[in-house]
Every structure is written in C-alpha cells, then in structure tokens.
Amino acid sequence: MRTQQCVNCGTHDGMGHFEGRTLSVNYKQMSRLVDELAGWECRVCGEIEFDHDTDSAERYADASDQLLQDCLQLIGSEIKRIRRKLHLTQKNAVKLLSGGGNNAFSRYERGELPAPKPLLTLMQLLDRHPYLLAEIEVLNEGAALKQLLAARHPEQEATLTS
C-alpha cells in the first residue's frame, strides 16, 4: 500500500492512496455524490488530498459549485413563492421581514446571494402560518416596544421613529 506524510496533521505514513471512491458534497442539508475519485486520505485526521494527475479535484469542485448554485436557486424561488403568497412586494417584504436593502432581497430571490438563515426561517414560518404576518406588522409599528420602554423607564418619554 502506498503511503505518504499527511499534509494536515503531519503523521508520517498517515495518508493512504485510494482509487474509485465515491464521496459526497454537502451544502445546507443537500448532497451530491461524486464517483470514481482518486487521491490520498489520512487515517488519523481524515484529510483528503486528490491526485494531481487525475480530474478528481476538478470534478469534486464542479459538483460542489453546481450544488451551491442549485441550492441558492431553490431557496430563492421558495422565498419568492412565499412572498407572493403573502401578497407582499419586495419593498414591503424588506421593510417587514429583513430590514436589509431592496437590492439584497432581490438577489436572494434570484439565487445570487444566500439568504440569511433567520430570514429563511421566518419566511418558512409565514408560509405555514400566514396569519402571523399581521402580528409582524403590529410589532413593526413599535407599539409593543414603546410600551416596554415606558414601563421600564417611566421617567423618560419613549418616542420611536419609523
């Protein structure tokens, strides 16, 4: 068996050669399999280094890039579907749900940027419970926060700006 020193942990003869292995690429609970890979794996730390004289590294990287693009497109289309279901414009969705910019929200929907996890979670909750949008609108008006400030600091007049 061919061995070499591990480039990661430094174990002498730690890396053993493999050929024809299938590895998975994972991103946000999605995965893709990449077959017929060749390279080295450390028996101590698990580090993998692909053979330089094969296309293993390129095929693994391509599968990873494609999985990322597919995932961003899927999440983006889901955000757009939920926003439309709630009858929100992008501008209203930004104001009520994300607090970011209109351009960023548009890029989430087009799959150009990964949406923040809290935004995605909120959108999924609203998809299941659309009546909660009314609660979000009330909370965004700031009345609850104004009441909290008045209760905690009655000596100061609480004023909120939108």
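Bear in mind that the values here come from a model prediction, so they are computed numbers and not experimental data.

(A) Up close: the packing of aromatic side chains. This structure, assessed with the given rule, holds 2 aromatic pairs. Ring geometry for Phe50 and Tyr60: centres 5.2 Å apart, planes at 45°, overall tilted. Separated by 10 residues along the polypeptide, Phe50 in strand E4 (residues 48-50) and Tyr60 in helix H1 (residues 56-85) bring together distant segments of the chain. Overall, the relative accessible area of 25% leaves Tyr60 in the partly exposed class. Pairing Phe105 with Tyr108 gives two aromatic rings, centres 6.2 Å apart and planes at 65°, and the pair type is edge-to-face. With Phe105 and Tyr108 both in helix H3 (residues 102-109) and 3 residues apart, the pair spans about one turn of that helix. Judged by relative accessible area, which is 0%, Phe105 ranks as buried.

(B) Representation of the pattern of salt bridges. The full count for this structure, using the stated rule, is 9 salt bridges. A salt bridge links Arg81 to Asp127; the nearest nitrogen and oxygen atoms lie 2.7 Å apart. Remark: Asp127 occurs in helix H4 (residues 117-128) and Arg81 occurs in helix H1; sequence separation between them is 46 residues. You can call Asp127 buried: its relative accessible area is 17%.

(C) How the structure looks around helix H2 (residues 90-98). Considered for burial, the residues of H2 that qualify are Ala93, Val94, Leu96 and Leu97. Of the surrounding elements, those touching the buried residues of H2 are H1, H3, H4 and helix H5 (132-141). Just downstream of H2 lies Gly99, where phi reads positive at about 75°.

(D) Spotlight on the packing of H2 against H5. Two numbers describe how H2 lies on H5: the axes approach to 9 Å, and their chain directions differ by 75°. As the angle between them shows, H2 and H5 are arranged roughly perpendicular. Together, Lys95, Leu96 and Leu97 of H2 and Leu133, Ile136, Glu137 and Asn140 of H5 make up the contact between the two elements. Per-class residue counts for the contact of H2 with H5 are 4 nonpolar, 1 polar and 2 charged.

Calculation rules
Residues numbered from 1 in each chain as written. Predicted model: local features only at pLDDT ≥ 70, side-chain atom pairs only at ≥ 80, totals over all residues. Heavy atoms only, no water. Phe/Tyr/Trp six-rings, centres within 6.5 Å; stacked < 30°, edge-to-face > 60°. Helix = DSSP H or I, 4+ residues; strand = E, 2+ residues; numbered from the N terminus. Buried < 20%, exposed > 50% of the residue type's maximum accessible area, 1.4 Å probe, protein only. Salt bridge = Lys/Arg side-chain N within 4 Å of Asp/Glu carboxyl O. Contact = heavy atoms within 4.5 Å. Axes fitted to C-alpha atoms, helices over the stretch in contact; angles between N-to-C directions. Parallel < 35°, antiparallel > 145°, perpendicular 65-115°, else oblique. Nonpolar A, V, L, I, M, F, W, Y, C, P; charged D, E, K, R; others polar.

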